[in-house]
Structure formats: C-alpha cells, structure tokens
Amino acid sequence: MSLVLWMLGAYLVGSIPSAYVLPRLVAGVDIRKFGSGNLGATNVYRLLGWKFAVPVALFDVAKGAAPVLAARSLLPQHWMPLTVGLAGILGHVFSIFLGFRGGKGVATSAGVLLGLAPKAVGASVAMWGIVLALWGYMSLASMMGTASFAIWIRIFYPEMGFTFWVGLFLTAFIVFTHRTNIRRLLAGTETRFGRGEPEQGGQR
C-alpha cells in the first residue's frame, strides 16, 4: 500500500465529524448552531454535557492514533507514520464531509502523537491540566500543552529528531487555529472554561 493511499485513508478517517454526528443522531441538534459553533468536544460539553463530550473527545483521539499505529507496523520508514498522522489532522480540521470545515485539531493531534511518543503526550496532557487549573482558559491550555510537546520529545525521545520538528509544526498549526482565541485572550474577553458563556471558537 503506497504512502499516498495511507494518507488518503487517514484524511478520510480524520474527516469523520464526531462532534456533528453524535449530537445530531442522539439529540437531534446541529452543534454548529449553538455556543461557539465549533465542531469540538468543548462546544459539545457546553451544550449537552460530559455524556456527549467524552465520547466525542475519545473518538477524535482514536481517529488520530489508529492510522498512525497501523502505519507504524506496515510502513518501512520511521517518518511515514507521522506523515499519515498529519493527513488525519488535516482531515479533522478540513473535513470533506462538512464543506472542508471542522474542529481545531487538538484531540486528533494528541492521538497522532500518542501513537508515536506516549510519554511526551502524557507530560503534555499534564501541562494542559496545570494551565487549565491555574488560569481556566481551555484555549490557552491547549496551546501550551501542544507547545510543550517538542520539549518533552527532547527529554524522553532525543533520537526522534523528525518528531521534534513535527511537534514544532503542530504548535504553529494549533496556534493558527486558535488565532481568534488569542485575540480575545489579549483583549481580556476570553471566557474561562466552565464559567459564563461559551468561548467563541472553542477547540477540541
């Protein structure tokens, strides 16, 4: 199976919009019309609670991890699974099933990296939790958690040079998808998670 076909498959899997499908099928609502309008677990949580948000988040992680884990066992070069994973992230953010619109890629990115460097992902999740607990901003926690990944790669997997650079790329990409959140953070208008109105442009 060629790398191009692997990437296409990962893109299609990544494009499955769980934040749209589950609320639509079970609760009869289009999540895009509520809260921030974003196709993410955070927006699902604000509207429908944990019972919907947790499955959405887990599915988004799984659709990033599964293609990477499969590619690791079947593709010959170490950089190829990462390339497959990046295609899955693009599918999540630019879903072919919803007019090339999707979520912000945090959970799917975590799934991709979990399949390659679990220790670094665990440390990044801890960073995410610390930032969220201290400041309460989901957007800031997501960006800081992603940004710390490259550091943890250097600590836990110094031999994974290509993954380190991919971590830097993903940091820039996640910051880009959160650009509206950054503007609100600087303006002091971003809403803290669990308080008040939904963050506009919230992420998964």
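This one's a predicted model, so the numbers in the text were calculated from it and none came from an experiment. (Residues numbered from 1 in each chain as written. Predicted model: local features only at pLDDT ≥ 70, side-chain atom pairs only at ≥ 80, totals over all residues. Heavy atoms only, no water.)

1. Section: the nonpolar core
So the rule is basically this: Grouping buried Ala, Val, Leu, Ile, Met, Phe, Trp, Tyr and Cys residues that are joined through side-chain atoms within 4.5 Å yields what is termed a nonpolar core. In this scheme, a residue with accessible area under 20% of its type's maximum is buried, one over 50% is exposed, and one in between is partly exposed, where area comes from a 1.4 Å probe on protein chains only. Under the scheme used here, helices are H or I runs from DSSP no shorter than 4 residues and strands are E runs no shorter than 2 residues, and both carry numbers assigned from the N terminus.
Within the largest apolar cluster, 19 residues are counted, with the highest numbers of intra-cluster contacts made by I89, A117, A120, F149, I153 and Y157. Here this core takes 4 residues from helix α9 (residues 161-177), the largest share from any one element. Residues A19, Y20, V44 and V56 belong to the second largest nonpolar core, which totals 10 residues.

2. A few points about the side chain of D60
How we decide: Side-chain atoms alone can form a polar contact between residues adjacent in sequence; in general such a contact is a pair of N or O atoms within 3.5 Å, and within protein one must be able to donate a hydrogen while the other accepts it.
As for its position among the elements, D60 is in helix α4 (residues 50-74). A polar contact of 3.3 Å, which involves the side chain of D60, links it to the side chain of K63.

3. Focus: the environment of V26
Of note, V26 is situated in helix α2 (residues 18-27). Taking the C-alpha atoms as reference points, V26 and I130, separated by 104 residues in sequence, lie 33 Å from one another.

4. Observations concerning the packing of α4 against helix α5 (residues 80-93)
A pair of packed helices can be characterised by two numbers: the angle between their axes and the separation between those axes. The line we're drawing: Here, axes are lines fitted to C-alpha atoms. For helices the fit covers the stretch in contact, and angles between N-to-C directions go from 0 to 180 degrees. Orientation is classified from the angle alone, with under 35 degrees giving roughly parallel, over 145 giving roughly antiparallel, 65 to 115 giving roughly perpendicular, and any other angle giving oblique. It is the rotation of the near helix from the far one that decides the hand of a crossing: anticlockwise by less than a right angle makes it left-handed, clockwise makes it right-handed. The criterion used for residue contact is that any of the two residues' heavy atoms lie within 4.5 Å. Side-chain classes are defined by residue name, with Ala, Val, Leu, Ile, Met, Phe, Trp, Tyr, Cys and Pro counting as nonpolar, Asp, Glu, Lys and Arg as charged, and the others, Gly among them, as polar.
For the pair α4 and α5, interaxial distance at closest approach is 8 Å and the crossing angle is 155°. With respect to α5, the axis of α4 lies roughly antiparallel. When you trace α4 past α5, the crossing you get is right-handed. Only P81, V84, G85 and H92 of α5 make contact with α4, whose side of the interface consists of D60, K63, P67, V68, A71 and R72. Here the contact of α4 with α5 is built from residues that sort into 5 nonpolar, 2 polar and 3 charged.

5. What to know about α5
Heads up, the condition is: Helix span is expected to be 1.5 Å times the residue number reduced by one.
Between its first and last C-alpha atoms α5 spans 20 Å; for 14 residues at 1.5 Å apiece the expected length is 20 Å, and the two agree. Of all the 14 residues making up α5, 12 are buried; the element is thus mostly covered by neighbouring parts of the structure. Along α5, the residues that are buried comprise M80, P81, L82, T83, V84, G85, A87, G88, I89, G91, H92 and V93. Where the residues of α5 are buried, they touch α1 (3-14), α4, α6 (106-114) and α9.

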